[in-house]
Amino acid sequence: MTTTVPTGLAEETEIRAYSDFVTGAPADVHEALGIGARQFGAARALAIREDPSRFFNRVGGFGPDEPVTADVVEEVCGFFRDQGVPRGSFMIAPSVLPSDWDATAAKWGLTQGARFAKLGYDVATAVDTGDSAAALDPDLRVGPVEPHEAREWATVMMTTFGFTTPAMIDMASACVGRPNWRQYAVRDGERIVAVGSVFVNGDCADMFGGATLPEARGRGAQSALLAARVQAARDAGCRWLVAETGAEGPGDHNSSLHNMLRSGFAPLYERVAWVWGE
């Protein structure tokens, strides 16, 4: 399967999902975590001072209609510095990098970090995803997350990714039920064992936060969650879906990547995280 999702829209949808996820937290969580956000033209930057992983310290949303200039890079580095974070990442699609990028990166000490596979899905032309849902272990069931389940849902997602501080879980919990979000869970009895979200951005939607507890892996949970979220995007009238996950190097195997490829997602490009450090 191929997809024609525009690069600018794919990058914009991803950073809008991250931005809404982080900045939609209540005021006390903002204060506890030291959350900051700023827009630089089409791009958006985020910082969480009290997150030791530095995962959410990022800027993204760069597209072909707005060049990545040295001035913008300087302003974003200044934002990270002002927020008191020691590290932040520039997420820029390879086709958007300017011809003088190597010189700009060297000037501001940006180094290559993790590589991500960017994937796309053409909702209008995709085949039915029912087989993915049918592959779910018969002892499990998939469905939307109810408001009273927000804390449990957030705990499964955040702790699976290594975010264990209560304020980070509070940040995630506040996402449940917000406009443009759809959250899903796989349950074993009454217990949530796997989760996933989709964020709707007009014609495009972003797959977000798919996670499964270790003891529930290999039972079809993520394939079922992918199918549920594809259907949610279709119901919302989206034309495209995008997702991102770790790229595979020699000898690597990323189960999330292969789950998405089996579900009909197509590779768009690989993107390097360009890392700024104080």
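This text follows the structure it describes.
Keep in mind it's a predicted model, so treat the numbers as computed, not measured.

Q: So what's going on with the pattern of salt bridges? Which residues, and what values?
A: Going through the model one piece at a time under the given rule, you end up with 16 salt bridges. Where Glu-12 meets Arg-16, a salt bridge forms, and the shortest distance between an N and an O atom there is 3.0 Å. Of the two residues, Glu-12 and Arg-16 are both situated in helix α1 (residues 7–23); the distance of 4 residues between them amounts to about one turn of the helix. On the accessibility criterion, Glu-12 (27% relative accessible area) is partly exposed. Using a relative accessible area of 31% as the deciding quantity, one classes Arg-16 as partly exposed.

Q: Quick one: what's the story with helix α3 (residues 70–82), residue by residue and with numbers?
A: Between its first and last C-alpha atoms α3 spans 18 Å; for 13 residues at 1.5 Å apiece the expected length is 18 Å, and the two agree. Tucked inside the fold, the buried residues of α3 contact β1 (35–40), β2 (43–48), β3 (58–60), β4 (87–91), α4 (101–107) and β11 (266–277). One or two positions beyond α3, positive phi appears at Gly-84, with a value near 75°.

Q: How would you sum up the packing of helix α6 (residues 150–160) against helix α7 (residues 166–173)? Please name residues and give values.
A: Taken N-terminus to C-terminus, the directions of α6 and α7 make an angle of 120°; their axes are 8 Å apart at the nearest point. Taken together, the axes of α6 and α7 lie oblique to each other. In the packing of α6 onto α7, the handedness of the crossing is right-handed. When α6 is examined against α7, the residues Ala-150, Arg-151, Trp-153, Ala-154, Thr-155, Met-157, Met-158 and Thr-159 are found in contact with a partner set consisting of Pro-166, Met-168, Ile-169, Asp-170, Met-171, Ala-172 and Ser-173. Across the contact of α6 with α7, the residue classes tally to 10 nonpolar, 3 polar and 2 charged.

Q: Could you give an account of the sheet that holds β3, naming the residues involved and the relevant values?
A: Strands in a sheet are paired, the pairing made by backbone hydrogen bonds, and the direction either parallel or antiparallel. The mixed open sheet is built from 11 strands, whose spatial order is β1-β2-β3-β4-β11-β5-β10-β9-β8-β7-β6. Either end of the sheet is taken by a strand with one partner, and the two such strands are β1 and β6 (140–144). Neighbour-to-neighbour, the strand axes of the sheet open up by a mean angle of 20°, direction not taken into account. Looking at chain direction, strand β9 (residues 204–212) and strand β10 (residues 240–246) are connected through 3 bridges and run parallel. Looking at β10, one finds that Cys-204 is bridged to Trp-240. Sheet strands in contact with α1 are β1, β2, β3, β4, β5 (111–122), β7 (181–188), β8 (191–201), β9, β10 and β11, and its direction is about 55° off that of β9.

Q: Would you mind going over the nonpolar core in detail, with residue names and values included?
A: Core analysis: the biggest nonpolar cluster contains 65 residues, and Phe-21, Phe-56, Trp-153, Met-158, Met-171, Leu-241 and Phe-265 have the highest contact counts within it. Looking at which element gives the most residues to this core, the answer is helix α8 (residues 221–235), with 8 residues. In terms of nonpolar packing, the next biggest core, distinct from the first, is built from 31 residues, Val-59, Val-68, Val-76 and Trp-276 among them.

Q: Describe the packing of aromatic side chains, naming the residues involved and giving the relevant values.
A: Taken as a whole and assessed by the stated rule, the structure comprises 17 aromatic pairs. Taken together, a centroid distance of 5.9 Å and an interplanar angle of 25° make the contact between Phe-80 and Trp-276 stacked. Here the residue Phe-80 occupies a position in helix α3, and Trp-276 occupies one in strand β11, the gap between them amounting to 196 residues. Look at Trp-101 and Trp-274: their rings are 5.6 Å apart centre to centre, the planes differ by 80°, and that puts the pair in the edge-to-face class. With Trp-101 in helix α4 and Trp-274 in strand β11, this residue pair connects regions lying 173 residues apart in the sequence. Residue class for Trp-101 comes out buried when judged on its relative accessible area of 3%. An aromatic cluster is built from Tyr-18, Phe-21, Phe-55, Phe-56, Phe-163, Trp-181, Phe-199 and Phe-208, whose rings are joined through pairwise contacts. The residue whose ring lies beneath Arg-58 is Tyr-18, and the NZ or CZ to ring-centre distance is 4.0 Å. The aromatic ring of Phe-55 is capped on one face by Arg-58, whose charged end is 4.7 Å from the ring centroid.

Conventions adopted
Residues numbered from 1 in each chain as written. Predicted model: local features only at pLDDT ≥ 70, side-chain atom pairs only at ≥ 80, totals over all residues. Heavy atoms only, no water. Salt bridge = Lys/Arg side-chain N within 4 Å of Asp/Glu carboxyl O. Helix = DSSP H or I, 4+ residues; strand = E, 2+ residues; numbered from the N terminus. Buried < 20%, exposed > 50% of the residue type's maximum accessible area, 1.4 Å probe, protein only. Expected span 1.5 Å × (residues − 1). Contact = heavy atoms within 4.5 Å. Axes fitted to C-alpha atoms, helices over the stretch in contact; angles between N-to-C directions. Parallel < 35°, antiparallel > 145°, perpendicular 65-115°, else oblique. Left-handed = near helix turned anticlockwise from the far one by under 90°. Nonpolar A, V, L, I, M, F, W, Y, C, P; charged D, E, K, R; others polar. Pairing = 2+ DSSP bridges. Core = buried A, V, L, I, M, F, W, Y, C linked by side-chain atoms within 4.5 Å. Phe/Tyr/Trp six-rings, centres within 6.5 Å; stacked < 30°, edge-to-face > 60°. Lys NZ or Arg CZ within 6 Å of the ring centre and 35° of its normal.

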